Structure formats: structure tokens, C-alpha cells
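Structural features, examined
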Amino acid sequence: MQLAFPADLDPAVWGTETSMTAEATPLRTPPVRSDDGGLRQFAWITTPPALHARYRLEWRFRAQPEPDTGQGEFR
């Protein structure tokens, strides 16, 4: 799986693995990050996947863009 985000937002990606018999645990192999110009890319692969395993990738943006104060303001 590959994810690409604008580098300006300073994205962070992590994930968990669950199964029918186990609680969520961190991914055995974490996503690999690479920067390419204005993009920050994350790639993740697993081999072989466990039977009935479920994988969940999550992300957040550590830097938020500045709000546009020129539109929608009431005076």
C-alpha cells in the first residue's frame, strides 16, 4: 500500500493489525517514509499476511495550513 501527502502538512503514518482472536497490535513492519519534492510518501507491505488478519493504517497532519481569513468573515 502506498500513501502520498503534501510534505507541508508534516504527515505521520502508523498502523495496527488485528485478528479474530487477538487485540490490536502495532504493525510488525512499520510504513517506510520517503520524500519526493513536495510529497511525503509512505509505503507498507506485509508477506505473507496472516489468515483473517485485518490491517488499519492511520495518519495525522502535524502542521495545519493557515486559515484563510479573507473569506467568510462577518464584520
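Our subject is the structure listed above.
The notes below deal with the structure included here.

Rules behind the numbers
Residues numbered from 1 in each chain as written. Predicted model: local features only at pLDDT ≥ 70, side-chain atom pairs only at ≥ 80, totals over all residues. Heavy atoms only, no water. Helix = DSSP H or I, 4+ residues; strand = E, 2+ residues; numbered from the N terminus. Buried < 20%, exposed > 50% of the residue type's maximum accessible area, 1.4 Å probe, protein only. Contact = heavy atoms within 4.5 Å. Areas by Shrake-Rupley, 256 points an atom, 1.4 Å probe, with all protein chains shown as cover. Pairing = 2+ DSSP bridges.

1. Describing the overall build of the protein chain
For the protein chain, the helix and strand inventory stands at 0 helices and 6 strands. Its helices and strands taken in sequence order, the protein chain reads β-β-β-β-β-β from the N to the C terminus. The buried share of the protein chain, reckoned over its 75 residues, is 20%. Considering only contacts in the protein chain between residues 6 or more positions apart, those separated by 24 or more positions represent 66%. Of the roughly 6,100 Å² that the protein chain leaves accessible, carbon and sulfur atoms contribute 55%.

2. Focus: the sheet that holds strand S6 (residues 54-61)
Read across the sheet, 3 strands follow the order S3-S2-S6 without closing on themselves; strand pairing throughout is antiparallel. Of all strands in the sheet, those with a lone pairing partner are strand S3 (25-26) and S6, marking the two edges. The pairing of strand S2 (residues 11-18) with S3 spans 2 bridges and is classified as antiparallel. By the bridge assignment for S3, Glu17 is matched with Thr25.

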